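# Residue-level structure breakdown
What follows is the residue order along each chain.
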Amino acid sequence: MAKKQLVVLISGYGSNLQAIIDACQAGDLPAQVVAVFSNRKSAYGLERARRHGIPAEYFPLKPYRNMGRSREEYDADLATRVAAYEPDLIVLAGWMHVLSSAFIHPFRGQIINLHPALPRTFPGTDAIRHAYEAFQRGEIRHTGCMVHYVVEEVDAGEPIAQAVVPIYPGDSLADLEARMHETEHQLLIQAIRRLVEGQEIS
Ligand code: GAR
């Protein structure tokens, strides 16, 4: 089977990007990361990509804002740059910029997002902290993470895979974050494997 081409969008540390690269290199995923984009210059994930010889592009929104250009123009230009790599699948792995239909439309059904919460709970930023605080208030017994298709509504597309992440009474927020990331690294690979080995993407 020909390897599927992945483009990964990140904004930060890139531990999930690293999990994808490692799984590709180990032969656990019939795929290769052909490019990485970040909207933040300081994102360590850019360095991870470069170390593996993967093209890594920093593509910030700020110059668009400074020139009075819209988010949609930024998203459309980002889509053009991403399309140049002819991805089969676009993976948002810690990408912290809400994409409009200017980006989503050309790739609909080919963009997936990792989110550190279960479907219909804690959309948006700081989901792990929100779940931790909800646990302290006795509102939830556990949290989780999911991989879902990207739609215009934030963290609301159809789930592809999800996993429960337990919270224990003595946990610090850092404990929960570490447990979450460990689960995410496995879940993301499972979800990508299902898509690249199945018929869901072109
Ligand atoms: C992950 O926990 C991911 O679920 C989250 O950012 C982190 C990135 O970690 N994404 C979101 O919150 C998106 N709404 P990483 O940079 O180490 O892969």
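This text goes with the structure placed above it.
Residues numbered from 1 in each chain as written. Predicted model: local features only at pLDDT ≥ 70, side-chain atom pairs only at ≥ 80, totals over all residues. Heavy atoms only, no water.

### Some details on the overall build of the protein chain
- Assigned secondary structure in the protein chain consists of 7 helices and 7 strands.
- A compact globule built from 202 residues would reach a C-alpha radius of gyration of about 17 Å, and the protein chain, at 17 Å, matches this within 12%.
- Counting over 202 residues, the protein chain shows a buried share of 50%.
- Considering only contacts in the protein chain between residues 6 or more positions apart, those separated by 24 or more positions represent 64%.
- For the protein chain, the exposed surface amounts to about 9,800 Å²; the carbon and sulfur share of it is 49%.
- Computed over 20 positive and 24 negative side-chain charges, the separation of the two mean positions in the protein chain equals 4 Å. (Helix = DSSP H or I, 4+ residues; strand = E, 2+ residues; numbered from the N terminus. Rg over C-alpha atoms; globule rule 2.2 N^0.38 Å. Buried < 20%, exposed > 50% of the residue type's maximum accessible area, 1.4 Å probe, protein only. Contact = heavy atoms within 4.5 Å. Areas by Shrake-Rupley, 256 points an atom, 1.4 Å probe, with all protein chains shown as cover. Lys, Arg positive; Asp, Glu negative; His and termini not counted. Charge placed at Lys NZ, Arg CZ, Asp CG, Glu CD.)

### Comments concerning the environment of Asp155
- For Asp155, the location among the structural elements is in the loop between strand 6 (142-149) and strand 7 (159-166).
- Taking the C-alpha atoms as reference, Asp155 lies 7.7 Å from Asn113; in sequence the two are 42 residues apart.
- Not counting residues up to four positions away in its chain, the partners in contact with Asp155 are Asn113, His115, Pro123, Gly124, Met146 and His148.
- Here His115 takes part through its side chain, which lies 3.3 Å from a polar atom of the side chain of Asp155.
- Within the structure, the side chain of Asp155 is placed 2.7 Å from the backbone nitrogen of Gly124, a separation counted as a polar contact. (Polar contact = N/O pair within 3.5 Å; in protein donor to acceptor, adjacent residues only side chain to side chain.)

### Notes on the site of the ligand
- Around the ligand sit 14 residues in total, of which Gly14, Ser15, Asn16, His115 and Glu184 are the nearest.
- Separating an oxygen atom of the ligand from a backbone N or O atom of Tyr13 is a distance of 3.4 Å.
- In the model, a nitrogen atom of the ligand is placed 3.0 Å from a nitrogen or oxygen of the His115 side chain.
- Within the complex, 88% of the 460 Å² of free accessible area of the ligand lies under protein.
- One can see that the ligand is located within the largest pocket.
- Elements with a contribution of two residues or more to the shell around the ligand: helix 1 (15-25), strand 5 (111-115) and helix 7 (173-197).
- Residues that form the shell around the ligand fall into these classes: 4 nonpolar, 8 polar and 2 charged. (Near = heavy atom within 4 Å. 1 Å grid on protein atoms, 1.4 Å probe; cavity = no way out; pocket = protein on both sides within 12 Å on 5 of 7 lines; lining within 4 Å. Sits in = over half its atoms within 2 Å of the grid points. Nonpolar A, V, L, I, M, F, W, Y, C, P; charged D, E, K, R; others polar.)

### Side note on the packing of aromatic side chains
- For the structure shown, the criterion picks out 6 aromatic pairs.
- Ring plane angle 15 degrees and centroid distance 5.0 Å describe the contact between Phe59 and Tyr74, whose orientation is recorded as stacked. With a gap of 15 residues between them, Phe59 in the loop between strand 3 (56-58) and helix 3 (62-66) and Tyr74 in helix 4 (residues 71-83) connect regions that are remote in the sequence.
- What makes Phe59 buried here is its relative accessible area of 6%.
- Using a relative accessible area of 0% as the deciding quantity, one classes Tyr74 as buried.
- For the pair Tyr64 and Tyr74, a centre-to-centre distance of 5.4 Å together with 85 degrees between the ring planes defines the contact as edge-to-face. Here Tyr64, found in helix 3, pairs with Tyr74, found in helix 4; they are 10 residues apart in sequence, far enough to count as distant.
- Accessibility expressed as a relative area gives 9% for Tyr64, which makes it buried.
- Ring pairs connect the aromatic residues Phe59, Tyr64 and Tyr74, which therefore count as one cluster.
- The ring of Tyr13 has Arg48 sitting right over it, with the charged end atom 4.4 Å from the ring centre. (Phe/Tyr/Trp six-rings, centres within 6.5 Å; stacked < 30°, edge-to-face > 60°. Lys NZ or Arg CZ within 6 Å of the ring centre and 35° of its normal.)

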